[in-house]
Amino acid sequence: MEIRLRVFRFQPEKDQRPRYDVYTIETDPNERILDLLEYVRGDVDGSLSFRRSCAHGVCGSDAMRINGRNLLACKVLVKDLGTSEITVEPLLGLRVIKDLIVDMDPFFDHFKSVLPYFINDDVPEDGKEFRQSPDQRERYDDTTKCILCAACTTSCPSFWSHEQYVGPAAIVNAHRFIFDSRDAAAEQRLEKLNEHFGVWRCRTAFNCTEACPREIKVTQAIAEVKRVLISGKIE
Ligand code: SF4
Ligand code: F3S
Ligand code: FES
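Residues numbered from 1 in each chain as written. Chains lettered and ligands numbered in written order. Predicted model: local features only at pLDDT ≥ 70, side-chain atom pairs only at ≥ 80, totals over all residues. Heavy atoms only, no water.

A. Region of the structure containing the packing of aromatic side chains. Evaluated as defined, the whole model comprises five aromatic pairs. Judged by centre distance (5.1 Å) and plane angle (80°), the ring pair of Phe107 and Phe108 falls under edge-to-face. By relative accessible area, Phe107 is classed as buried at 4%. Using a relative accessible area of 28% as the deciding quantity, one classes Phe108 as partly exposed. Here the aromatic rings of Phe108 and Phe111 are separated by 6.2 Å at their centres, their planes lie at 80°, and the arrangement is edge-to-face. (Phe/Tyr/Trp six-rings, centres within 6.5 Å; stacked < 30°, edge-to-face > 60°. Buried < 20%, exposed > 50% of the residue type's maximum accessible area, 1.4 Å probe, protein only.)

Structural data, given as structure tokens:
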């Protein structure tokens, strides 16, 4: 089939404004959007810039807007889009560095601000490891699946209007440790999330849940963190 691929192009140091380059490509409906971009960069225009690493939905580096939705380019097939007109643009809400590459620093600063790592200075009872029941492990299973692709945070209207909002991805990663029975730093994380630009900036828009390529129940995780802040109990 023949498709018309429109790609957002912008090099801020050189270009006065962004433009869209259009490529007409003969392709198989089972090709991924990432394959089309690779083709353009390899055979048509080597200056096209985008991020990719694993090409299998694991690293989270190729999240972008494809026909208006935040998706991983390596997980979307041409036939999934149901059209031969395909527009590819960078994620919203983060500064464009070049073409489809955005500045991820503000996103990772929010992520780091919630202490997204295991904290417990106590010595385990058996001197070796902290034990956990299957139910306790299950409690935070969903939020362990995050690949930090930023599809959620950059689809959130609250983040678009306030880039200081910590954002759904950071809250998901805080949730992963707040509900881990072995961790001892929930209070520090909750204090951060109770601030002006913490969880209360979430207006339950659900865009984040819709955008997540790992199908994490993002809005539910945010609601669970809000509930802990109201009740003072981690359940
Ligand atoms: Fe990506 Fe989902 Fe993690 Fe958000 S919660 S960063 S959408 S994997
Ligand atoms: Fe934004 Fe998701 Fe809340 S889209 S407003 S973080 S439910
Ligand atoms: Fe790694 Fe797509 S390239 S998730």
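B. Representation of the sheet that holds strand β5 (residues 85-89) in the model. As summarised here, the arrangement of the five strands in space is β2-β1-β5-β3-β4, forming an open sheet in which the pairing is mixed. Every interior strand has two partners, whereas the edge strands, β2 (19-26) and β4 (69-72), have only one. With direction set aside, neighbouring strand axes in the sheet form an average angle of 35°. Of the strand pairs in this sheet, strand β3 (residues 63-66) and β5 are connected by two bridges, and their pairing is antiparallel. Its bridge partner lying in β5, Arg65 is registered against Glu89. (Pairing = 2+ DSSP bridges. Helix = DSSP H or I, 4+ residues; strand = E, 2+ residues; numbered from the N terminus. Axes fitted to C-alpha atoms, helices over the stretch in contact; angles between N-to-C directions.)

C. Structural detail: the nonpolar core. Counting residues in hydrophobic clusters, the biggest one holds 66 residues, and the most contacted among them are Leu5, Ile33, Leu37, Ile86 and Leu193. Sorting elements by how many residues they give to this core places helix α6 (residues 167-178) first, with six residues. Ignoring anything within four residues of it in the chain, the contact list for Leu193 reads Val114, Val166, Ile171, Ala174, Ile178, Gly198, Val199, Trp200, Val225 and Leu229. (Core = buried A, V, L, I, M, F, W, Y, C linked by side-chain atoms within 4.5 Å. Contact = heavy atoms within 4.5 Å.)

D. Region of the structure containing the packing of α6 against helix α9 (residues 218-231). At a minimum axis distance of 9 Å, the contact between α6 and α9 shows a crossing angle of 60°. Looking at the two axes, α6 sits oblique to α9. For the element pair α6 and α9, the recorded crossing hand is left-handed. On α9, the residues that touch Pro168, Ile171, Val172, His175 and Ile178 of α6 are Val218, Ala221, Ile222, Glu224 and Val225. Considered class by class, the residues forming the contact of α6 with α9 number eight nonpolar, one polar and one charged. (Parallel < 35°, antiparallel > 145°, perpendicular 65-115°, else oblique. Left-handed = near helix turned anticlockwise from the far one by under 90°. Nonpolar A, V, L, I, M, F, W, Y, C, P; charged D, E, K, R; others polar.)

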